[in-house]
Amino acid sequence: MMKGKGFSFPSLFSFLKENKCKYDRRKIIHSIKVGFSLVLVSLLYLLDPLFKQVGENAMWAIMTVVVVFEFFAGATLSKGINRGIGTVIGGGLGCLAAILADEIGGIGNAIVVGSSVFIFGAAATYARLVPKIKRRYDYGALIFILTFNLVVVSGVRAEKVMDLAWERLSTIGMGFGVCIFISLLIFPMWASDELHYSTASKFDKLAYSIEGCLEEYFKMTSEKENKTSANVEPCKSVLHSKSNDESLANFAKWEPWHGKFGLAYPWEKYIEIGEILREMAATIIALKGCAQSPKQPSPMQRQEMYKPCEILGLSLVWVLRELGESIEKMNKCRAKILITPKLQFIKLQLNLMQPSSKIQVENDNNLATSSFIFLLMEFVEKVEILAKKVEELGEFANFETKKLDV
């Protein structure tokens, strides 16, 4: 029942297995890139001409590579730029505070240093708690606090605080430069690609799960006991993807123009689509609960519902896969022309399947049927909202217009 075209459990399994192998290869490539970057910055220690120029400050370049180099290019850029901005601002303000303290001298020196450490430290810590700043600039604020305190306190004892700050900044810049060069130019791992394709794959996961739930619901009791239940693990993975999606969207905003992803690409639309997909995943899990509930419709009611639900299931699977393909291939989704009419027809069929209001709802059979149809109605309404969001994404991101088969 309800086997979508070209879609089956083996195909989904092979798809997930292929993606896992691909991810494992990328982890190996990332590890090699980090190792190569460490070798390059270690040359500041190993080669005498370079060591004479930077001295012991070479350790800051190595520390920068260890701390800044991340799996995705956007994450590396985010951390690197945050580290650079935090170091420059923290170092600059720290130097000014140290010079001012030195000019005052005496007991005023300690007062200026203590006051500046308290004021700037408290202000930066408060800024880290602001959600918008925390999302994108948390690491920069942390580095600002660290650098400011190191410079202003060392400035009490060191006469060449400006030279020290410049030397450390230059070696940090060397480390950051190596990270950016390796991360962006040698087998780059784009967070934007990851978010784009992972979002598209969620549509297939939901299609597979809703298909399995409908199949399980219309099995006879004896068949349910003998066969395995519908697999909703793909739904659970979608349900738990919120933090990962938000991180990828944040990293994607830092990445330079590459491929079809421009500088002002609407990544926030992916977050909105992800929220709806998670709501739909929760509905599918609730549908599975209906299929496993001891309260089930009578065989006669089940038989009456079977054919309409078969058509409904095929239509929903087609719509979900069509939306996912639209995102994956970056084609404009013609929701109003192709998808909305189908969804309106599905809602009409579900309304016709509702038990008559004359029949008492206390009847277990009718209660079970009403619960099942209500959840399907909720799911269809969410699909309708989802189609509009995908259409909006296509407009904002300038997706190509899909050529219709003649």
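Everything quoted here is computed from the prediction, not taken from an experiment.

So, how was this worked out
Residues numbered from 1 in each chain as written. Predicted model: local features only at pLDDT ≥ 70, side-chain atom pairs only at ≥ 80, totals over all residues. Heavy atoms only, no water. UniProt positions renumbered as here; feature names shortened; annotations may be inferred. Helix = DSSP H or I, 4+ residues; strand = E, 2+ residues; numbered from the N terminus. Expected span 1.5 Å × (residues − 1). Buried < 20%, exposed > 50% of the residue type's maximum accessible area, 1.4 Å probe, protein only. Arc of directions from axis to C-beta. 1 Å grid on protein atoms, 1.4 Å probe; cavity = no way out; pocket = protein on both sides within 12 Å on 5 of 7 lines; lining within 4 Å. Points joined across faces, edges and corners; volume = space filled by probe spheres on them. Nonpolar A, V, L, I, M, F, W, Y, C, P; charged D, E, K, R; others polar.

What follows concerns the UniProt feature "transmembrane region" (unreviewed entry) in the protein. Per the UniProt entry, the sites bearing "transmembrane region" (unreviewed entry) are residues 28-47, 59-77, 84-101, 107-127, 139-158 and 170-191 in this numbering. Taken end to end, residues 107-127 is 100% helix and 0% strand, and its two terminal C-alpha atoms sit 31 Å from one another. Helix makes up 77% of residues 170-191 and strand 0%, with an end-to-end C-alpha separation of 28 Å.

Here the focus is helix α14 (residues 335-353). Taking 1.5 Å of rise per residue, the 19 residues of α14 would be expected to cover 27 Å, and the 25 Å separating its terminal C-alpha atoms lies within 8% of that figure. Buried residues of α14: A335, I339, L343, I346, K347, L350 and M353, and no others. All buried residues of α14 fall inside an arc of 115 degrees around its axis, so they share one side. Exposed and facing more than 90 degrees away from the buried side of α14 are K336, I337 and L352.

Space inside the second largest pocket adds up to approximately 440 Å³. Contributions of two or more residues to the lining of the second largest pocket are made by α4 (73-104), α6 (131-154), α11 (242-254) and α12 (267-292). Among the elements that take part in the lining of the second largest pocket, α11 stands out by supplying seven residues, more than any other. Each residue belonging to the lining of the second largest pocket can be placed in one class, and the counts come to seven nonpolar, five polar and nine charged.

Our next topic: unusual backbone geometry. Most of the time, phi is negative for any residue but glycine, and the peptide bond is trans. For F187, which is not glycine, the phi dihedral falls at a positive 45 degrees. With respect to the helices, strands and loops of the structure, F187 is situated in the loop between α7 (161-185) and α8 (191-217). The class for F187 is exposed, based on a relative accessible area of 60%. Although it is not a glycine, M330 adopts a positive phi angle of roughly 55 degrees. Residue position: M330 is located in the loop between α13 (299-328) and α14.

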